[in-house]
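Structural features, examined
Listed below are the residues making up each chain.
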Amino acid sequence: MSETAQPTPAPDERVKDLGWRRALIRPELGGIVGTIAVFFFFLLTAYDSGMFNAQGIMNWSVVSAQFMIIAVGACLLMIAGEFDLSVGSMIGFSGMMIAIFSVTLGWPVWMAIVVTFAMALAIGALNGFIVIRTGLPSFIVTLAFLFILRGFTIYLPQTIERKTIIGGIREAAEGDWLGAAFGGKVLQGAFHWMGDIGIIGVFERGTRAGEPVVDGIPMLIVWAIVLVIFGHIVLTKTRFGNWIFAAGGDAEAARNSGVPVNRVKVLMFMFTAFCATVFATCQVMEFGSAGADRGLLKEFEAIIAVVIGGALLTGGYGSVLGAALGALIFGVVQQGLFFAGVESSLFRVFLGVILLGAVILNTYIRRMITGER
Amino acid sequence: MNSRTTHAPIIEMKDIEKHFGSVIALAGVSVEVYPGECHCLLGDNGAGKSTFIKTMSGVHKPTKGEIFFEGQPMSFDGPRDAMNAGIATVHQHLAMIPLMSVSRNFFMGNEPVKKRMGIPFFDHEYADQVTMDEMRKMGINLRGPDQAVGTLSGGERQTVAISRAVHFGAKVLILDEPTSALGVRQTANVLATIDKVRKQGIAVVFITHNVRHALAVGDRFTVLNRGQTLGTAQRGQITPEELQDMMAGGQEMVALEGSLGGTV
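Notes on the structure in this doc start here. Note that the coordinates shown come from a computational prediction; the quantities given were computed from them, not determined experimentally.

**Some details on helix H3 (residues 54-79) of chain A**
Residue pairs spaced three or four apart in an α-helix point in one direction, given the helix's 3.6 residues per turn. All names here are of chain A. Counted at 1.5 Å a residue, the expected span for H3 with its 26 residues is 38 Å, and the 36 Å between its end C-alpha atoms agrees. At Ala71, H3 is bent by approximately 30°, the largest bend along its length. Looking one or two residues past H3, Gly81 carries a phi angle of roughly 95°, positive in sign.

**Quick look at unusual backbone geometry**
All names here are of chain A. Of note in the backbone geometry, Arg162 takes a positive phi value of approximately 60° without being a glycine. Examined against the element boundaries, Arg162 turns out to sit in the loop between helix H6 (138-161) and strand E1 (165-166). What makes Arg162 exposed here is its relative accessible area of 72%. In this structure, Leu187 takes a positive phi of about 60° despite not being glycine.

**Some remarks on the sheet that holds strand E10 (residues 203-208) of chain B**
All names here are of chain B. Read from one edge of the open sheet, 6 strands run E6-E9-E10-E3-E11-E12, paired in mixed fashion. Edge positions in the open sheet fall to strand E6 (87-90) and strand E12 (228-234), since each of these has one partner strand only. Across the sheet, the mean angle separating the axes of adjacent strands is 20° when strand polarity is ignored. This element, helix H6 (residues 154-167), spans E6 and strand E9 (172-176) of the sheet and lies at about 170° to E6. Docked against the sheet, helix H9 (residues 240-248) engages strand E3 (38-42), strand E11 (220-225) and E12, running at close to 25° with respect to E11.

**Regarding the side chain of Asp215 of chain A**
Residue and element names in this part refer to chain A. As for its placement among the helices and strands, Asp215 is situated in the loop between helix H9 (188-196) and strand E3 (217-218). Look at Asp215 and you get buried, because its relative accessible area is 15%. Within polar-contact distance, the side chain of Asp215 engages the side chain of Lys185 at 2.9 Å. Excluding residues that lie within four positions of it along the chain, Asp215 makes contacts with Lys185, Gln188, Phe191 and Arg208.

**Overview of helix H7 (residues 184-199) of chain B**
Residues and elements named next belong to chain B. With 16 residues, H7 ought to run about 22 Å at 1.5 Å a step, and its terminal C-alpha atoms sit 23 Å apart, in line with that. Along H7, the residues that are buried comprise Thr187, Val190, Leu191, Thr193, Ile194, Lys196, Val197 and Arg198. Looking at the packing, one finds that the buried side of H7 touches E3, helix H5 (124-137), H6, E9, E10 and helix H8 (211-217). Looking one or two residues beyond H7, the residue adopting positive phi is Gly201, at roughly 90°.

**Topic: the nonpolar core**
Ranked by internal contacts, the top residues of the largest apolar core, which has 115 residues, are Ile69, Phe182 and Ile244 of chain A. If you look at the next biggest cluster of nonpolar residues, it comprises 44 residues, including Phe122, Ile140, Val190 and Val197 of chain B.

**Digging into the interface of chain B and chain A**
Facing the 33 residues of chain B at the interface are 38 residues of chain A. Between chain B and chain A, the buried area comes to about 2900 Å², and carbon and sulfur atoms account for 57% of it. Scanning the region where chain B abuts chain A turns up 1 salt bridge. A salt bridge links Glu111 of chain B to Arg239 of chain A, with the nearest nitrogen and oxygen atoms 3.7 Å apart. Contributing elements (two or more residues each) for the side of chain B that touches chain A: helix H3 (79-85), strand E8 (119-122) and H5 of chain B. Each residue belonging to the side of chain B that touches chain A can be placed in one class, and the counts come to 15 nonpolar, 9 polar and 9 charged.

Parameters at a glance
Residue positions are given per chain, counted from 1 along the sequence in the order it is written. Throughout, the order in which chains and ligands are written sets their labels, letters from A for the former and numbers from 1 for the latter. Only residues with pLDDT of 70 or above have their local features reported here, since the model is predicted, and side-chain atom pairs are shown and tallied only from 80 upward, although totals for entire chains, interfaces and linings are computed over all residues. Based on all heavy atoms of the structure, the side-chain values leave hydrogens and waters out of the count. Elements are defined by DSSP. Helices are runs of H or I of four residues or more, strands are runs of E of two residues or more, and each kind is numbered from the N terminus. By this rule the span expected of a helix is its residue count minus one, scaled by 1.5 Å. Two axes are fitted around each residue, one to the seven residues ending there and one to the seven starting there, and the angle between them is reported as the bend at that residue. A 1.4 Å probe rolled over the protein chains alone gives each residue an accessible area, and that area as a share of the maximum for its type sets the label: buried under 20%, exposed over 50%, partly exposed in between. Here the rule is simple: two strands pair whenever DSSP picks up at least two bridges between them. Orientation is described by lines fitted to C-alpha atoms, with helices fitted over the stretch in contact, and by angles between N-to-C directions that extend from 0 to 180 degrees. What makes two residues a contact is simply this: any of their non-hydrogen atoms within 4.5 Å. Pairing of N or O atoms within 3.5 Å defines a polar contact, subject to two protein rules: one partner must be a possible hydrogen donor and the other a possible acceptor, and residues neighboring in sequence count only if both atoms are side-chain atoms. In this text, buried Ala, Val, Leu, Ile, Met, Phe, Trp, Tyr and Cys residues form a nonpolar core when linked through side-chain atoms within 4.5 Å. Using a 1.4 Å probe, buried area is obtained as the accessible area two parts lose upon being combined, added over both of them. Any Lys or Arg side-chain nitrogen located within 4 Å of an Asp or Glu carboxyl oxygen qualifies as a salt bridge. Put simply, Ala, Val, Leu, Ile, Met, Phe, Trp, Tyr, Cys and Pro go in the nonpolar bin, Asp, Glu, Lys and Arg in the charged bin, and everything else, Gly too, in the polar bin.

Okay, structure coming up:
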């Protein structure tokens, strides 16, 4: 073989060596820059407002974690080349099903949760199958499910209980092992200790005097972190992750190379539904009730977080870590404006500005990486 | 050339007919391809080139006729089947995903895995190493294995696709108009790649409608016209003009060429 003896071709003189800058050029860069900017802004404007004491941090962390949970699912699905507009309705529907099963039908909460997850995964798979079989844009198919699921979420409790909010779940979930996996808190000992030695504040009066103001990390945050890490590893470190990129990048080329594109897409629809149901279960356990209007517009918030995080709307490119940063930006801005005492309607103005800025920056970065024109 | 024709063809297509409803796309085409040769398949648009290679690569089942692969009668149930047997097709457009890195593209659908704690992970280290080595062999100097395919030129993309097929054990490599959208220099690169692949003993089926590209690397030339073969010629037995005339179907072309000053 003469090939092996070939000298290495000279470096292309038209390619500039970007050196250290290359390490910075990554899909998450927009999210990183945005996060730094947002924290810088609020450290300057709202430092004294309590946004950065234990309670304040917990406040925006919980909101960000909510966004993160649904953003992970939306991110992987978007990279696989599809959308799910039914995320918000799925949140309402799943929460309502847990309430109906556990309160109205009196099932044990763990069973209600397991059956609800099974239903959600089935609906996710149905979404996927319709998209695959008909070749319709997922935008339209999941838009239909946005209405279908929301309709059931309002219809079922009205017909069964004659109201649109079902309460009493907290009582039903008392001592339930699976309920605690969504509504419980961890590291309570550590927080009590931090309260005792004065790192975080304690209540000074009332029935809870002496207890720390923040008495543990809600399972919601644990779920968010676990899902982000899981999503990131699957996407970047496994062969399935390569299939996700390939399915969204060019489904036909991927099929030609033997990637099971349909299976990947259906699984991603199911994963998105799973994430929505995790969100719903945590919310229901926290509030102790399910409402017919829960999760409204959450699909757009998830998509916004994902896009701020550097994913390409048409698929094939993106990052779970970026989406998580997008969710963090979203949560910090939403809560931070409240701490900073800004009129809350200005939240939308802020969000629009951030969205536009992040997308412009992301597009610029992506072109540098992929050579798109 | 004679030594080549003495050993058995790797793939033999005998009297292949393919009908789509009332349309007869192929009306009895016979072609033999030998290991280590570059067999050029020429023909104008609509001559049946695409239908023919799709039959060869398992996309279509022939209406009539036989396919022998390594001497055995073969009936492929699909492209996957043909691929497993060692027949790889590199399509003009649908080969690479520009947004993904070269190394991710190279192993798309064939990702190497390494188990850690019992979980199979994508073995990026191995994939990157192999990609860099294979690209160097083909004369492409990557900035790194994580360089996106979108930053490569059209010719380099074709080369990546070809070396991918070769790396995964292709015995017959079908190239569907790999040079039709490329500039002069990029075309030269792809033709050089074809030459390298052929020297490794792989049979190359090179589909083109550019006679000069065919003559640059081809060992034998088969011309298709209206679903039929107009015969197979050896290198050196045919002039570019004759090939051109056969492709276009003779007389009208002569007249046309006269009026265009013989530049077609």
